[in-house]
Amino acid sequence: MAEIRREGDQTLFQLEPKERQVLLEIVDRIEPMLGSSRWVSPRAYGDEGLEREFRRLAGDDLERSRDADLATLREGLAGPLPVRLGDSDVWGWVRALNFLRLALAEQLGISEDGWEERYSPRQHRRPPLATLHLLSWLQEELIDSLA
Amino acid sequence: MTAVQPVVTHGTGHSTTEERDRPWQVVVWNDPVTLMSYVVVVFRRLFGYDLETATQLMLKVHVEGRAVVATEPRERAEVSVAQLHAHGLQATLARD
């Protein structure tokens, strides 16, 4: 069973090859949703002109930053086990996981607090909600490892 | 494997010195899926807040739907918003 723990200045993510494969498949499945997600690329300004200028100056960097974080997550998952992450890698993972969670939640039509109560326990245990919970668990564990 | 951080080198549009120096608010908005613990560590990392201040701001976002997390000159505020976006948080700029 997957486990995350701190060892010196590194975070160790112990998982089985099969679990690694599942996570990589989840990343593959959700990543294409990022481009159309309003939450993944939020506006900075209400004003159209200011927003356009902000996008012109920062848009490419934001996209590169997001791609780099997703690459960090993929490379870590595809490497030797257990996965060993320095703090900058952990930050890349938690950012990438946040983008994946936002895109998946938006795809599921989640739009306000209290959404958990709309679903039955059975629905929470099965995809796609179980996928969202798995990503949440992983992100939370990694955040704890930074503390 | 280091993530590229977004860099905004200039404020948007043309403005006078007085306008440029006028403070702008960096506003973070609630979303229903981002983890509370994540918001706290991002506030601490980007703005240097202690745990108590970052937690109070996170709770304000969660309960009231939004919180002003910084008030800065426009160019700096745009960098802050870009950094928040790079962490997947919903952030906007508003005139102070």
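Look up a bit, the structure's there.
Each chain carries its own residue numbering, running from 1 in the direction its sequence is written. Lettering for chains starts from A, numbering for ligands starts from 1, and both go in the order in which the items are written. This being a predicted model, a pLDDT of at least 70 is required before a residue's local features are given, and a value of 80 or more before pairs of side-chain atoms are given or counted; all residues contribute to the totals for chains, interfaces and linings.

A few words on the overall build of chain B. Secondary structure is summarised from DSSP: a helix means a run of H or I of at least four residues, a strand means a run of E of at least two, and numbering begins at the N terminus for each. Scanning chain B from N- to C-terminus turns up four helices and three strands. Residues with at least 20 neighbouring C-beta atoms inside 10 Å of their own are called buried, those with 12 or fewer are called exposed, and the rest are partly exposed, where every C-beta is derived from the backbone. For chain B, with 96 residues in total, the buried portion stands at 43%. In chain B, 72% of the contacts between residues at least 6 apart in sequence involve partners at least 24 apart. Contact between two residues is assigned whenever their backbone-derived C-beta positions fall within 7 Å.

Take the overall build of chain A next. Looking only at helices and strands, chain A features five helices and three strands. The order of α-helices and β-strands along chain A, N terminus first, is β-β-α-α-β-α-α-α. The C-alpha extent of chain A, read off along each of the three principal axes, is 50 × 40 × 25 Å. The buried share of chain A, reckoned over its 147 residues, is 34%. Sequence separation of 24 or more characterises 70% of the internal contacts of chain A that already satisfy a separation of 6 or more.

All right, on to the sheet that holds strand 3 (residues 90–95) of chain B then. All names here are of chain B. When DSSP finds at least two bridges between two strands, those strands are taken to pair. The strand order across the open sheet built from three strands is 2-1-3, with neighbouring strands paired in antiparallel fashion. Both outer strands of the open sheet, strand 2 (66–73) and strand 3, are each paired with one neighbouring strand and no more. Across the sheet, the mean angle from the axis of one strand to that of its neighbour is 30 degrees, orientation sign disregarded. Bridge analysis of strand 1 (residues 23–29) against strand 2 gives seven bridges, and the strand direction is antiparallel. Residue pairing for strand 2: Trp-29 is matched across the bridge by Arg-66. Think of each axis as a best-fit line through the C-alpha atoms, taken over the contacting stretch in the case of a helix, with angles from 0 to 180 degrees between the N-to-C directions. Against the sheet, helix 3 (residues 51–64) engages strand 1 and strand 2, with an angle of about 125 degrees to strand 2. Against the sheet, helix 4 (residues 74–86) engages strand 1, strand 2 and strand 3, with an angle of about 140 degrees to strand 2.

All names here are of chain A. Where helix 2 (residues 48–78) contacts helix 3 (residues 87–107), the two axes come as close as 8 Å, and the packing angle between them is 110 degrees. Considering the angle they form, helix 2 stands roughly perpendicular to helix 3. Of the residues in helix 3, those in contact with Arg-66, Ala-68, Asp-69, Leu-70, Thr-72, Leu-73 and Gly-76 of helix 2 are Asp-89, Gly-92, Trp-93, Arg-95, Ala-96 and Phe-99. For the contact of helix 2 with helix 3, the class distribution of residues is six nonpolar, three polar and four charged. The scheme is simple: roughly parallel for angles under 35 degrees, roughly antiparallel for over 145, roughly perpendicular for 65 to 115, oblique for anything else. Residues are grouped as follows: nonpolar covers Ala, Val, Leu, Ile, Met, Phe, Trp, Tyr, Cys and Pro; charged covers Asp, Glu, Lys and Arg; every other residue, Gly included, is treated as polar.

The next point concerns the packing of helix 1 (residues 17–30) of chain A against helix 2 of chain A. Any two packed helices are characterised by the angle at which their axes cross and by the distance between the axes. All names here are of chain A. Between helix 1 and helix 2, the shortest axis-to-axis distance is 10 Å and the interhelical angle comes to 160 degrees. In terms of their interaxial angle, helix 1 and helix 2 are classed as roughly antiparallel. Seen along the crossing, helix 1 lies across helix 2 with a hand that is left-handed. Residue-level contacts link Arg-20, Leu-23, Leu-24 and Val-27 of helix 1 to Leu-73, Arg-74, Leu-77 and Ala-78 of helix 2. When grouped by side-chain class, the residues that make up the contact of helix 1 with helix 2 number six nonpolar, no polar and two charged. Throughout, a crossing is termed right-handed when the near helix is turned clockwise from the far one, and left-handed when it is turned anticlockwise from it by less than a right angle.

Another point: helix 1 of chain A. All names here are of chain A. By this rule, a helix spans an expected 1.5 Å times one less than how many residues it contains. Taking 1.5 Å of rise per residue, 14 residues should cover 20 Å, and helix 1 covers 20 Å from first to last C-alpha, within 8% of that figure. Taken together, the buried positions of helix 1 are occupied by Leu-23, Ile-26 and Ile-30. Viewed end-on, helix 1 has its buried residues packed into an arc of 55 degrees, placing them on one side of the element. Opposite its buried face, helix 1 presents the exposed residues Pro-17, Lys-18, Gln-21, Glu-25 and Asp-28, each directed more than 90 degrees away. Looking at the packing, one finds that the buried side of helix 1 touches helix 2, helix 3 and helix 5 (129–146). The arc in question is the one spanned by the directions pointing from the helix axis to the C-beta atoms.

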